[in-house]
Amino acid sequence: MSLFPNEAALRVLETRRSVPTSQLAEPAPSETELARILTIATRVPDHGSLTPWRFIIFSGDARHQVGQRLSAVYRLEKQDMSPERLEKFADIMTRVFTYAPLVILIVSSPAPDAKIALREQELSAGAVAMNLLNASHASGYGAILLTGWAAESRGAALVYGVKPHEHIAGIVHIGTPTDIPGDRPRPDLANLVTHWTAPE
């Protein structure tokens, strides 16, 4: 018998792993499932109850529409690239949101005039991202958090409707796994954990 009363929940957390976008297919979470996943995602530390984050959801044809706009912005921002490389990566941008059936942008939206440190507010957005991944996994879906140009470009941010004081904390792709990849090596706690003692 397990020592832990919520063994099943712990097992879910122990088995979460990122699923590549190439292995995320239909169906995506239903509206009801997504509402619950997002509700769980927001149960995070939030000093001052500022809610310094929000979501932008891309599904259906919106994924293709945003891709076309991202591709155009990429061409404008990367004119120093060779024409061949520019076309290659601009073409990738047209498809970057279409690999999985559901894409969620986690927007870090700090309250600039709040007394709470900016770092704390941004960490809260990171906690939202992790909760979103865990809730997706617990709901039977696969997910992965990605960043890169689509998360870092201010031109791309304008396409999404991200405000000047905001930035993208992560882009989460969600779908039904077509395969479960093998687990990767995990950190050795012996190399990470120390127990502080007062100096003599």
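Check the entry above for the structure.
Since this is a predicted model, take the numbers as computed values, not measurements.

## What to know about the overall build of the protein chain
- What the protein chain contains, in helices and strands, is 7 helices and 5 strands.
- Moving toward the C terminus, one meets the helices and strands of the protein chain in the order α-β-α-β-α-α-β-α-β-α-α-β.
- Taken over the C-alpha atoms alone, the protein chain extends approximately 60 × 45 × 35 Å along its principal axes.
- Here the protein chain, with 200 residues, has 38% of them falling under the buried criterion.

## Points about the environment of Leu105
- By secondary structure assignment, the location of Leu105 is in strand E3 (residues 102-108).
- When its relative accessible area of 0% is taken as the criterion, Leu105 is described as buried.
- Leaving out residues up to four positions away in the same chain, Leu105 has contacts with Arg54, Phe55, Ile56, Phe58, Phe97, Tyr160, Ile168, Gly170 and Ile171.

## Things to note about the environment of Arg75
- Along the chain, the position of Arg75 falls in helix H3 (residues 62-77).
- Not counting residues up to four positions away in its chain, the partners in contact with Arg75 are Leu86, Glu87 and Ala90.
- Only 2.6 Å separates the side chain of Arg75 from the side chain of Ser71, close enough to count as a polar contact.

## Thoughts on the nonpolar core
- Leu70, Phe97, Leu105 and Tyr160 are the most contacted members of the largest nonpolar core, which has 24 residues in total.
- By residue number, the principal contributor to this core is H3, which donates 4 residues.
- Apart from the residues within four sequence positions on either side, Tyr160 is in contact with Ile56, Phe58, Val66, Leu70, Phe97, Leu105, Ala150 and Ile168.
- The next biggest cluster of nonpolar side chains, apart from the first, holds 20 residues, and it includes Ala28, Ala41, Ile106 and Ala129.

## So, unusual backbone geometry
- Residue Pro27 is reached from Glu26 by a cis peptide bond, and omega for that bond is 0°.
- For Ser49, which is not a glycine, the phi torsion comes out positive at approximately 50°.
- For Ser49, the position within the fold is in the loop between helix H2 (31-41) and strand E2 (53-59).
- Not every positive phi belongs to a glycine, and Thr51 is a case in point at roughly 50°.
- You can see Thr51 is positioned in the loop between H2 and E2.
- The class of Thr51 is partly exposed, set by a relative accessible area of 44%.

## Let's talk about the side chain of Ser71
- Inspection of the secondary structure puts Ser71 in helix H3.
- Note on Ser71: relative accessible area 3%, which makes it buried.
- Residues contacting Ser71, with those up to four places away along its chain left out, are Ala90, Asp91, Met93 and Thr94.

Rules behind the numbers
- Residues numbered from 1 in each chain as written.
- Predicted model: local features only at pLDDT ≥ 70, side-chain atom pairs only at ≥ 80, totals over all residues.
- Heavy atoms only, no water.
- Helix = DSSP H or I, 4+ residues; strand = E, 2+ residues; numbered from the N terminus.
- Buried < 20%, exposed > 50% of the residue type's maximum accessible area, 1.4 Å probe, protein only.
- Contact = heavy atoms within 4.5 Å.
- Polar contact = N/O pair within 3.5 Å; in protein donor to acceptor, adjacent residues only side chain to side chain.
- Core = buried A, V, L, I, M, F, W, Y, C linked by side-chain atoms within 4.5 Å.

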